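Structural overview
Residue-level listing of the chains:
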Amino acid sequence: MRFFRHRLPGLPALALLIATAGCSSSDDTPSAAVPSPNTKVTELCRNLDKVLPRKVDGLDRNDPQPRSALTAGWGSPAIILRCGVARPAEMDDLEADGLEANGVGWLLQKLDDGSFRFTTTLRAAYVEVSLPKAHTGDGVGPLVDLAPAVKKAIPEGIAS
């Protein structure tokens, strides 16, 4: 019984330490699935990563985990860019919503949670930009900021 008496005072402290460690995450690092395109598209995406802006819509770069040249992020909650994604099925719909921002065409998808996803059209690689609900009032500002980099790194054409 003495064994437990000596251990009991430490158990509440240990439980408090575990509870505190489990609840006190100050990490605002977003996460994103990394696409797995073919070699040609991967090279285009790496070129895009080299010319992406440090700020998008006034937000600082905040790249998601796992780190990859195929993903980028800005702000918190993060605007997420993924390069080399698969062609969205909605692109087959002739009546799909689309828009143009600074010479780059984008397919617009409104998601159930109130966020938006934009995917480039008529480019040699598909680039997807996800705007969390917190940034949907920003209009196309993020797309305008990203368009010069997309035009520079991802040539016009049909993605393979």
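Preceding this section is the structure that the text describes.
Residues numbered from 1 in each chain as written. Predicted model: local features only at pLDDT ≥ 70, side-chain atom pairs only at ≥ 80, totals over all residues. Heavy atoms only, no water.

1. Observations concerning the pattern of salt bridges
Applying the stated criterion to the full structure yields 6 salt bridges. Taking the shortest distance from any N to any O, the salt bridge between Lys55 and Asp60 comes out at 2.8 Å. Among the residues examined, Lys55 registers a relative accessible area of 45% and is labelled partly exposed. Given a relative accessible area of 47%, Asp60 falls into the partly exposed group. Measuring nitrogen to oxygen at the nearest pair gives 2.7 Å for the salt bridge that ties Asp63 to Arg61. Look at the salt bridges and you will find they share partners, linking Asp49, Arg61 and Asp63 into a network. (Salt bridge = Lys/Arg side-chain N within 4 Å of Asp/Glu carboxyl O. Buried < 20%, exposed > 50% of the residue type's maximum accessible area, 1.4 Å probe, protein only.)

2. Section: the side chain of Arg82
Positionally, Arg82 belongs in strand E4 (residues 79–83). A distance of 2.8 Å separates a polar atom in the side chain of Arg82 from the backbone oxygen of Ala33. Among all residues touching Arg82, those that are not within four sequence positions of it are Ala32, Ala33, Pro35, Leu70, Thr71, Tyr126, Val127 and Glu128. (Helix = DSSP H or I, 4+ residues; strand = E, 2+ residues; numbered from the N terminus. Polar contact = N/O pair within 3.5 Å; in protein donor to acceptor, adjacent residues only side chain to side chain. Contact = heavy atoms within 4.5 Å.)

3. Observations concerning the nonpolar core
Judged by nonpolar contacts, the single largest core of 29 residues is most densely connected at Leu48, Leu52, Leu81, Trp106, Val129 and Ile154. Elements supplying a minimum of two residues to this core: helix H3 (39–51), strand E3 (71–74), E4, strand E6 (104–110), strand E7 (116–121), strand E8 (127–131) and helix H4 (141–153). Residue contributions to this core peak at 6 residues, all from H4. Apart from residues no more than four positions distant in its own chain, Leu48 is found in contact with Leu81, Cys83, Val127, Ala149, Val150, Ala153 and Ile154. Formed by 5 residues, the second largest nonpolar core is a distinct cluster that contains Val85, Met91, Leu107 and Ala159. (Core = buried A, V, L, I, M, F, W, Y, C linked by side-chain atoms within 4.5 Å.)

4. Observations regarding the sheet that holds E4
The antiparallel open sheet is built from 6 strands, whose spatial order is E3-E4-E8-E7-E6-E5. In this open sheet, the two strands that pair with only one neighbour each are E3 and strand E5 (98–101). For this sheet the average axis-to-axis angle between neighbouring strands, irrespective of direction, equals 25°. In this structure, E7 lies alongside E8, joined through 4 bridges in antiparallel fashion. Along E8, the bridge assignment pairs Phe118 with Val129. Against the sheet, H4 makes contact with E3, E4, E5, E6, E7 and E8, and its axis sits at roughly 135° relative to E6, the strand it touches most. (Pairing = 2+ DSSP bridges. Axes fitted to C-alpha atoms, helices over the stretch in contact; angles between N-to-C directions.)

5. Points about the state of the cysteines
Enumeration according to the criterion identifies 1 disulfide in this entry. Here Cys45 is linked by a disulfide to Cys83, with a sulfur-sulfur distance of 2.1 Å. Its torsion about the S-S bond being -75°, the disulfide of Cys45 and Cys83 is classed as left-handed. Of this pair, Cys45 sits in helix H3 while Cys83 sits in strand E4, and the two are 38 residues apart along the sequence. For Cys83, a relative accessible area of 1% corresponds to the buried category. (Disulfide = S-S within 2.5 Å.)

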